[in-house]
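# Structure assessment
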Amino acid sequence: MSILDKFWKSRSTYSENWKKCPNCGEDLRIEDIPKNNYVCDKCNHHMRMPIRDRIKLLTDKDSFVELFQEIIPVDPISFTDSKPYPQKVAEAIAKNSVANSEESNKILINEAITVGEATIDNIPVLLGVMNFDFMGGSMGSVVGERVTRLFEEGINRKKPVIIVSSSGGARMQEGIFSLMQMAKTSAAVKRYKHTGLPYISVMADPTTGGVSASFATLGDINIAEPGALVGFAGPRVIEQTIRQKLPKGFQRSQFLLEHGMIDAIVSRSDLKASLSKLLNLLIVARS
């Protein structure tokens, strides 16, 4: 075997078994990443977490039951750029499918948010989890409808609502129908809050655009993961617009906490326990 062949073989073996932390460059064994909840054990960088792992992390075993999976996207403005919109949706569904997995039978990922009922330390909740791997977690009509129905279920069932957001913003393939979801979901949150039931919002990296400007920042308690980017426009767009250099860490969770825009930063490993404690406090306060 030539030196060049050995080099490419070693590169292939590395890519199959190791991944570099995008923050510090530490070599992480791929099989260990899920065990550590997709957090770098050297720098504590919180990588994006697959939705099934997220639901498993937060909920009691086998307690999650999906709701509204029958609501699927249509093509309201016949949008086409490089590919027709329905083709892009089909490719996103295929990308997020899990072949020969028990989990794939329980959670059907056919949109950028999955919602359902579950328990967290035996406390019944309604849970929504956004999925950045599905078209950048973009909010279209289906995301808005599922979020709205989740809050309506909260009113009807008298249950707390928790939403974990991770989104690049509105879905351009649906045009104005996508932007309308900002007002729709915000109104749903307001109706829900009249019940006095708690809504806890968890913002993962990134939570931007129309999602950050609507339901993601309207929680009774707003939590962000460490290092999460949260804001309407991204830092680069803002700098280009105002022609000024932004402060270090601008729009990251620590910056937002220091400026009173969120209530807490919670590491992923502590998130379930923190949600459980908050739910107990808020439910007792309500009673």
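Residues numbered from 1 in each chain as written. Predicted model: local features only at pLDDT ≥ 70, side-chain atom pairs only at ≥ 80, totals over all residues. Heavy atoms only, no water.

In this structure the tally under the stated criterion is 19 salt bridges. Of the charged contacts, one joins Lys272 and Asp60 as a salt bridge, the two residues approaching to 3.0 Å between their closest N and O atoms. In this pair, Lys272 sits in helix 10 (residues 271-286) while Asp60 sits in the loop between helix 2 (51-58) and strand 3 (65-67), placing the two residues 212 residues apart along the sequence. The buried category is assigned to Asp60, whose relative accessible area is 12%. Here Lys245 makes a salt bridge to Glu239, at a shortest N to O gap of 3.9 Å. Taking the relative accessible area as the measure of exposure, Lys245 reaches 73% and is therefore exposed. Using a relative accessible area of 24% as the deciding quantity, one classes Glu239 as partly exposed. Counted as one network, the salt bridges with shared partners bring together Glu117, Glu153, Arg157 and Lys159. (Salt bridge = Lys/Arg side-chain N within 4 Å of Asp/Glu carboxyl O. Helix = DSSP H or I, 4+ residues; strand = E, 2+ residues; numbered from the N terminus. Buried < 20%, exposed > 50% of the residue type's maximum accessible area, 1.4 Å probe, protein only.)

Right, let's get into the nonpolar core. Counting 64 residues, the largest nonpolar core has Phe151, Ile162, Phe215 and Leu275 as its most contacted members. With six residues, the top contributor of residues to this core is strand 5 (residues 123-130). When near neighbours in sequence (up to four residues on either side) are disregarded, Ile162 contacts Ile120, Val125, Leu126, Leu127, Gly128, Ile200, Val202, Leu275 and Leu279. (Core = buried A, V, L, I, M, F, W, Y, C linked by side-chain atoms within 4.5 Å. Contact = heavy atoms within 4.5 Å.)

Burial along strand 8 (residues 221-224) is two-sided: the residues Ile221 and Ile223 and Asn222 and Ala224 are all buried. Here four bridges tie strand 7 (residues 199-208) to strand 8, and the two strands are oriented parallel to one another. Bridge pairing in strand 8 places Met203 opposite Ala224. Summarising the sheet, strand 8 and strand 10 (residues 264-265) pair through two bridges and their orientation is parallel. Looking at strand 10, one finds that Ile223 is bridged to Ala264. (Pairing = 2+ DSSP bridges.)

Let us look at the side chain of Thr208. Tracing the sequence through the fold places Thr208 in strand 7. For Thr208, the side chain forms a polar contact with the main-chain oxygen of Ser167, separated by 2.8 Å. At 3.4 Å, the side chain of Thr208 and the backbone oxygen of Gly168 are in polar contact. (Polar contact = N/O pair within 3.5 Å; in protein donor to acceptor, adjacent residues only side chain to side chain.)

Tallied over the entire structure, the rule returns three aromatic pairs. With a centroid separation of 4.9 Å and 90° between ring planes, the pair formed by Phe151 and Tyr199 is classed as edge-to-face. One end of the pair, Phe151, is in helix 5 (residues 141-157); the other, Tyr199, is in strand 7, with 48 residues separating them in the sequence. By the burial criterion, Phe151 is buried, and Tyr199 matches it. These aromatic residues form a ring-pair network of at least three members: Phe151, Tyr192 and Tyr199. Above the face of the Phe132 ring, Arg48 is positioned so that its terminal group lies 4.2 Å from the ring centre. (Phe/Tyr/Trp six-rings, centres within 6.5 Å; stacked < 30°, edge-to-face > 60°. Lys NZ or Arg CZ within 6 Å of the ring centre and 35° of its normal.)

Looking now at the packing of helix 5 against helix 6 (residues 176-193). Where helix 5 contacts helix 6, the two axes come as close as 8 Å, and the packing angle between them is 10°. Classed by the angle they form, the pair helix 5 and helix 6 counts as roughly parallel. Note on element contacts: helix 6 touches helix 5 through Phe177, Gln181, Lys184, Thr185, Ala188, Val189, Arg191 and Tyr192, opposite Ser141, Gly144, Glu145, Val147, Thr148, Phe151, Glu152, Gly154 and Ile155. Its residues assigned to classes, the contact of helix 5 with helix 6 shows seven nonpolar, six polar and four charged. (Axes fitted to C-alpha atoms, helices over the stretch in contact; angles between N-to-C directions. Parallel < 35°, antiparallel > 145°, perpendicular 65-115°, else oblique. Nonpolar A, V, L, I, M, F, W, Y, C, P; charged D, E, K, R; others polar.)

For Gln181, the position within the fold is in helix 6. A polar contact of 2.8 Å, which involves the side chain of Gln181, links it to the backbone oxygen of Phe177. Other than its neighbours up to four places away in sequence, Gln181 contacts Met139, Gly140, Ser141, Gly144 and Glu145.

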